[in-house]
Amino acid sequence: MNQLLDAALAARERAHAPFSKFRVGAALEDQDGRIFTGCNVENATYGLTVCAERVAVFKAVSEGARKFRRLAVAADTDRLTPPCGACRQVLWELCGDIEITLVNPGGKLEVVQLRELFPRPFDASFL
Ligand code: THU
């Protein structure tokens, strides 16, 4: 667990956030214990910015990971930063009801389940 939080905090240091200066890190653990990290990568057109969480999950899927245990999200806020709406949708579809730990560099943390953040999701079961 600490390793996952440390990985998210370290990933945050690699954020490319010249516009917002709001740096976020994420670390996703798969069923084999492999950890995939992500940071937010901003773009001058703003709308093409990708959040840390989606970078992490897309990296993981592209490396062949398919089942996930836990996600950690790190940002330097006292009110712990949760995944945005777009990331909640993507996480739901690719990770299911995953456990998410929100953390800040001061060590404050909170553990939530994705279903608490994202009730009544639309997903492939409707198609
Ligand atoms: N951001 C994330 O990477 N993850 C979150 O959970 C919240 C927001 C990024 C997107 C953008 O680069 C910056 O934070 C400000 O919204």
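Structure's up top.
Cut-off values and rules
Residues numbered from 1 in each chain as written. Predicted model: local features only at pLDDT ≥ 70, side-chain atom pairs only at ≥ 80, totals over all residues. Heavy atoms only, no water. Helix = DSSP H or I, 4+ residues; strand = E, 2+ residues; numbered from the N terminus. Rg over C-alpha atoms; globule rule 2.2 N^0.38 Å. Buried < 20%, exposed > 50% of the residue type's maximum accessible area, 1.4 Å probe, protein only. Axes fitted to C-alpha atoms, helices over the stretch in contact; angles between N-to-C directions. Parallel < 35°, antiparallel > 145°, perpendicular 65-115°, else oblique. Left-handed = near helix turned anticlockwise from the far one by under 90°. Contact = heavy atoms within 4.5 Å. Nonpolar A, V, L, I, M, F, W, Y, C, P; charged D, E, K, R; others polar. Near = heavy atom within 4 Å. Polar contact = N/O pair within 3.5 Å; in protein donor to acceptor, adjacent residues only side chain to side chain. Areas by Shrake-Rupley, 256 points an atom, 1.4 Å probe, with all protein chains shown as cover. Phe/Tyr/Trp six-rings, centres within 6.5 Å; stacked < 30°, edge-to-face > 60°. Salt bridge = Lys/Arg side-chain N within 4 Å of Asp/Glu carboxyl O.

Novice: For the overall build of the protein chain, give the residues involved together with the corresponding values.
Specialist: In terms of regular secondary structure, the protein chain is built from four helices and five strands. Going from N to C terminus, the protein chain has its helices and strands arranged as α-β-β-α-β-α-β-β-α. For the protein chain, whose C-alpha radius of gyration is 14 Å, the value lies close to the compact-globule estimate of 14 Å for 127 residues. For the protein chain, buried positions account for 46% of its 127 residues.

Novice: For the packing of helix H2 (residues 52-62) against helix H3 (residues 85-95), give the residues involved together with the corresponding values.
Specialist: The interhelical angle for the contact between H2 and H3, taken along N-to-C directions, is 25 degrees, at an axis separation of 9 Å. Comparing their axes, H3 and H2 come out roughly parallel. Between H2 and H3 lies a crossing of left-handed hand. Residues Glu53, Arg54, Val57, Phe58 and Val61 of H2 form the contact with H3, whose participating residues are Ala86, Cys87, Val90, Leu91, Leu94 and Cys95. When grouped by side-chain class, the residues that make up the contact of H2 with H3 number nine nonpolar, no polar and two charged.

Novice: Give me the lowdown on the site of the ligand, citing residues and values where you can.
Specialist: As a matter of local geometry, the ligand sits amid 13 residues, with Asn40, Glu42, Ala52, Glu53 and Pro82 nearest to it. Glutamate 42 is positioned such that a nitrogen or oxygen atom in its side chain is 2.5 Å from an oxygen atom of the ligand. For the ligand, whose accessible area on its own is 380 Å², the fraction buried by protein is 80%. Of the residues contributing to the shell around the ligand, the split by class is seven nonpolar, four polar and two charged.

Novice: Quick rundown of the packing of aromatic side chains? Include the residues and the values.
Specialist: Inspection of every chain in the model, using the stated rule, returns two aromatic pairs. Both rings, one in phenylalanine 19 and one in tyrosine 46, keep their centres 5.7 Å apart while their planes meet at 50 degrees; by these two values the pair is tilted. Of this pair, phenylalanine 19 sits in the loop between helix H1 (2-12) and strand S1 (24-30) while tyrosine 46 sits in the loop between strand S2 (35-39) and H2; the two residues are 27 residues apart in sequence, bridging distant segments of the chain. Owing to a relative accessible area of 60%, tyrosine 46 belongs among the exposed residues under this scheme. With centroids separated by 5.5 Å and ring planes inclined at 20 degrees, the aromatic side chains of phenylalanine 122 and phenylalanine 126 adopt a geometry described as stacked. With a relative accessible area of 45%, phenylalanine 122 lands in the partly exposed category. Owing to a relative accessible area of 57%, phenylalanine 126 belongs among the exposed residues under this scheme.

Novice: Run through the pattern of salt bridges, naming residues and quoting values.
Specialist: Opposite charge on two side chains permits them to pair, given that their charged atoms come into close proximity. Counted according to the given criterion, the structure contains seven salt bridges. The closest approach of N and O atoms between arginine 70 and glutamate 29, which form a salt bridge, is 3.3 Å. Residue arginine 70 is located in strand S3 (residues 68-75), and its partner glutamate 29 is located in strand S1; the two are separated by 41 residues in the primary sequence. Residue classification places arginine 70 among the partly exposed residues on the basis of a relative accessible area of 23%. Beyond isolated ion pairs, a larger network of salt bridges with shared partners links Arg12, Glu13 and Arg23.

Everything listed here is a matter of coordinates, which is why it stays silent on function.
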